[in-house]
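Observations on chain architecture
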Amino acid sequence: MKALLAEVEERVRAKFSNQEGSHDWFHIDRVRRTALYLQSQEGGDAALIELAALLHDYSDHKYNGGDFEAGAKEVQHLLLSLGAASHLALQVAQIVQIVSYKGAKVADQNTSLEGQIVRDADRLDAIGAIGIARAFSYGGSRDRALYDPSISPTLHDSKEAYAQDKGHTINHFYEKLLLLKDRMETPTAQRLAAQRHAVMEQFIAQFKQEWNPGNQDIL
Ligand code: ADP
Ligand code: NI
């Protein structure tokens, strides 16, 4: 198992080394470390959690031309090619398949404790101070405006509509980031999310106040 983990880490590190700051190797490594911390509090199979965390964005639809299924399949093939047992490769692929957020009105799929932990860890990295930094890094990489008060947020009801949206980055807070607190499944992640959520609320209030100096009503 140690050899497999080391091999996977090397592949992921190489693949993500040139990615923009919202989805670089440091994001993967933070999710891995957060997931292992959640495991220490909540239980679950640590090896499965670590592999799934390392591979959770391996072929993300945002970076592969929009294919929602490719990531899980690629991960399964990679693990099999590295000699992983077939049931382990399948378990990791099943987690990779359910991690991604698919819209405000799209329910999360049920998953194992290990899946809940990896999904919670990925979502914790999307909120708080790091979440704010990542959102603007991603928005910048796609030439999105910081904010445009004339374009309101959309609560998407399909993964396709969510993926196609090209709105400004402040909308992303209302369409995803501020909703994540209530989607955390493990008690430890719920506790961590509450504090990170408060940081984002304060940031948004300050941002809008600076946008409209002197006009407190617009908040
Ligand atoms: P998921 O698979 O749930 O989308 P990821 O680990 O791939 O999770 O990362 C999603 C992160 O990418 C968001 O939390 C945010 O930082 C950034 N991101 C994605 N879409 C947008 C967007 N439309 N505007 C700004 N940031 C975005
Ligand atoms: Ni991620």
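Residues numbered from 1 in each chain as written. Chains lettered and ligands numbered in written order. Predicted model: local features only at pLDDT ≥ 70, side-chain atom pairs only at ≥ 80, totals over all residues. Heavy atoms only, no water.

Another aspect to go through is the overall build of the chain. Looking only at helices and strands, the chain has 10 helices and 0 strands in total. In the chain, the succession of helices and strands from N to C terminus is α-α-α-α-α-α-α-α-α-α. Taken over the C-alpha trace, the chain has a radius of gyration of 18 Å; the compact-globule value for 219 residues is 17 Å, and the two agree within 12%. In terms of its C-alpha atoms, the chain occupies a principal-axis envelope of roughly 60 × 35 × 30 Å. The 219 residues of the chain split such that 45% are buried. Accessible surface for the chain amounts to roughly 10,700 Å². Of this, 50% is attributable to carbon and sulfur atoms. Taken together, the 24 basic and 30 acidic charged side chains of the chain have centroids lying 1 Å from each other. (Helix = DSSP H or I, 4+ residues; strand = E, 2+ residues; numbered from the N terminus. Rg over C-alpha atoms; globule rule 2.2 N^0.38 Å. Buried < 20%, exposed > 50% of the residue type's maximum accessible area, 1.4 Å probe, protein only. Areas by Shrake-Rupley, 256 points an atom, 1.4 Å probe, with all protein chains shown as cover. Lys, Arg positive; Asp, Glu negative; His and termini not counted. Charge placed at Lys NZ, Arg CZ, Asp CG, Glu CD.)

What follows deals with the packing of helix H3 (residues 46-55) against helix H6 (residues 113-124). Contact geometry of H3 with H6 gives a least axis separation of 9 Å together with a crossing angle of 40°. As summarised for this structure, H3 and H6 are arranged oblique, according to the angle between their axes. Here H3 runs over H6; the crossing is right-handed. Mapping the contact onto sequence places Leu 48, Ile 49, Ala 52 and Ala 53 in H3 and Glu 114, Ile 117 and Val 118 in H6. Of the residues that constitute the contact of H3 with H6, the class distribution is 6 nonpolar, no polar and 1 charged. (Axes fitted to C-alpha atoms, helices over the stretch in contact; angles between N-to-C directions. Parallel < 35°, antiparallel > 145°, perpendicular 65-115°, else oblique. Left-handed = near helix turned anticlockwise from the far one by under 90°. Contact = heavy atoms within 4.5 Å. Nonpolar A, V, L, I, M, F, W, Y, C, P; charged D, E, K, R; others polar.)

The protein atoms that coordinate the nickel ion (ligand 2) are His 27 (NE2), His 56 (NE2), Asp 57 (OD) and Asp 122 (OD), at distances of 2.1 to 2.3 Å. A relative accessible area of 8% means that Asp 57 is categorised as buried. (Donors = N, O, S within 2.8 Å, 3.2 Å for Na, K, Ca; no water.)

Take the pattern of salt bridges next. Counted according to the given criterion, the structure contains 15 salt bridges. Between Lys 159 and Glu 160 there is a salt bridge, with the nearest N and O atoms lying 3.5 Å from each other. A salt bridge links Lys 181 to Asp 182; its shortest N-O distance comes to 3.2 Å. Classification of Asp 182 by relative accessible area gives exposed; the value is 65%. (Salt bridge = Lys/Arg side-chain N within 4 Å of Asp/Glu carboxyl O.)

Function-wise, these values are silent; they only describe arrangement.
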